[in-house]
Amino acid sequence: MGSDLKSIAKQLYESFNDRDWEGALRDVRDDVHVTIVPFGMSVKGREGFTQFMQNWVAMSSDLKVEVVDQHESDRGIVNEIIATGTHDGPFATPEGELASTGRSLEIPAAEIWEFRDGKVATLRNYVDAAAIWKQIVDAPRVEARIRAFYDEVANRGKIDLIPEYATDNWVDHEAFAGLSPGREGIGEFLALIRSAFPDVRFTVDEVLVAGDRAVCRVRISGTHLGEFMGAPPTGNSFEVQTIDILRMEGDRAAEHWGVTDMMSMMEQLGLAEPAETIG
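Computed from a prediction, not measured in an experiment: that's the story for all the values here.

Definitions and cut-offs
- Residues numbered from 1 in each chain as written.
- Predicted model: local features only at pLDDT ≥ 70, side-chain atom pairs only at ≥ 80, totals over all residues.
- Heavy atoms only, no water.
- Helix = DSSP H or I, 4+ residues; strand = E, 2+ residues; numbered from the N terminus.
- Rg over C-alpha atoms; globule rule 2.2 N^0.38 Å.
- Buried < 20%, exposed > 50% of the residue type's maximum accessible area, 1.4 Å probe, protein only.
- Contact = heavy atoms within 4.5 Å.
- Pairing = 2+ DSSP bridges.
- Axes fitted to C-alpha atoms, helices over the stretch in contact; angles between N-to-C directions.
- Parallel < 35°, antiparallel > 145°, perpendicular 65-115°, else oblique.
- Nonpolar A, V, L, I, M, F, W, Y, C, P; charged D, E, K, R; others polar.
- Patch = residues over 30% accessible without salt bridge, like charges linked within 9 Å, V, L, I, M, F, W, Y side chains within 5 Å.
- Areas by Shrake-Rupley, 256 points an atom, 1.4 Å probe, with all protein chains shown as cover.
- Salt bridge = Lys/Arg side-chain N within 4 Å of Asp/Glu carboxyl O.
- 1 Å grid on protein atoms, 1.4 Å probe; cavity = no way out; pocket = protein on both sides within 12 Å on 5 of 7 lines; lining within 4 Å.
- Points joined across faces, edges and corners; volume = space filled by probe spheres on them.
- Phe/Tyr/Trp six-rings, centres within 6.5 Å; stacked < 30°, edge-to-face > 60°.

### Some words on the overall build of the protein
- From N to C terminus, the protein includes eight helices and 13 strands.
- On C-alpha atoms alone, the protein measures out to a radius of gyration of 26 Å, which is more than a quarter above the 19 Å that the 2.2 N^0.38 rule sets for 279 residues.
- Each of the three principal axes of the protein carries a C-alpha extent, and together these read 85 × 45 × 30 Å.
- When the 279 residues of the protein are sorted by exposure, 42% land in the buried category.
- Residue pairs at least 24 apart in sequence account for 56% of intrachain contacts in the protein once pairs closer than 6 positions are excluded.

Pasting the structure below:
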């Protein structure tokens, strides 16, 4: 069977490039098991195999696979491949989808195929995930977009621009009590803060982008001139640190987690006693 394995593999890839799913399944077992190792994702059966192929096409409608090299073993074959195309559709990951960016892709991968009875029984895909992130995620652009949000929306109060920076399915995991965790909650939060601190300012000190995550180190400052959390204005000023973590879909944020030094804020406003130090 050895010399036939290369032909079987090349034919399957050709069928993929032609979007001939039936042709691609010709030499695949009914109980085939496919694993995308870097993402910890797996599917089973011919239906799962078809979905595995179609997911790549959903990410890149013009994706084509080229076989670079092949290495046979007693149990099967290793295919070294390069996939090229355009990121014109959502890319499914275990953490969610990355929205299309229109960027060109060149993705190296290795696939280990094991055969039983002359057909593919297992396929382990070792795609270069780092290459995908590097090509899809434009870290400088994401950072610029995040800084623009704090400048235009948070500091200048341009609430109507929120849809340009946050997706429809936005979820805030740090939403204040009584505020919506959905996208409308962003405007509600900023209105609440600005009513209590009319001169509030968000200063972005650092933004780190990795994959579809961005971590922002931000300083918040302002003067207490309106009611805040039931407390009348004190006229005191504050400045505290907050850490915002965002999950990005393209260059818009889809989820937010945050940690703010609320105790220090309340102490500076005179609404809480300073914590006692030990020693």
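### Some points on the pairing of strand S10 (residues 201–210)
- Pairing between S10 and strand S11 (residues 213–223): nine bridges, direction antiparallel. When the bridges of S11 are listed, Phe-202 appears paired with Ile-220.
- The turn joining S10 and S11, which pair antiparallel and follow one another in sequence, is formed by two residues; a positive phi near 60 degrees is taken by Gly-211.

### Points about the side chain of Arg-145
- Within the fold, Arg-145 resides in helix H5 (residues 139–155).
- Once you skip the residues sitting within four places of it in the chain, Arg-145 turns out to touch Glu-164, Tyr-165, Asp-251 and Arg-252.

### Let's talk about the packing of H5 against helix H7 (residues 184–196)
- In contact at an axis separation of 11 Å, H5 and H7 are set at 60 degrees when each is read in the N-to-C sense. Relative to H7, H5 is oriented oblique. In this structure, H5 contributes Phe-149, Val-153, Ala-154 and Asn-155 to the contact, and H7 contributes Ile-186, Leu-190 and Arg-194.
- Of the residues belonging to the contact of H5 with H7, the class tally is five nonpolar, one polar and one charged.

### A word on a nonpolar patch on the surface
- Judged by side-chain polarity, Leu-208, Val-215, Ile-243, Ile-245 and Val-259 come together as a nonpolar surface patch covering roughly 390 Å² of accessible area.
- Overall, Ile-243 belongs to the partly exposed group, its relative accessible area being 34%.

### Considerations on empty space enclosed by the protein
- Applying the stated criterion across every chain, the model contains one cavity of 30 Å³ or more.
- Roughly 230 Å³ of internal volume is contained in the largest cavity.
- Its residues assigned to classes, the lining of the largest cavity shows 16 nonpolar, one polar and one charged.

### Considerations on the sheet that holds S10
- Strand order in this open sheet of five strands is S9-S13-S12-S11-S10, and the pairing throughout is mixed. The open sheet has two edge strands with one neighbour each: strand S9 (166–172) and S10. Adjacent strand axes in the sheet meet at a mean angle of 25 degrees, parallel and antiparallel pairs treated alike.
- Bridging between S9 and strand S13 (residues 252–260) involves three bridges; their strand directions are parallel.

### A closer look at the packing of aromatic side chains
- Evaluation of the coordinates by the stated rule reveals 14 aromatic pairs.
- Note on Phe-149 and Tyr-150: the rings are 5.5 Å apart at their centroids and 75 degrees apart in plane angle, and the pair reads as edge-to-face.
- The exposure class of Tyr-150 is buried, given its relative accessible area of 7%.
- Relative to Phe-202, the ring of Tyr-150 lies with its centre 6.3 Å away and its plane at 35 degrees, an arrangement referred to as tilted.

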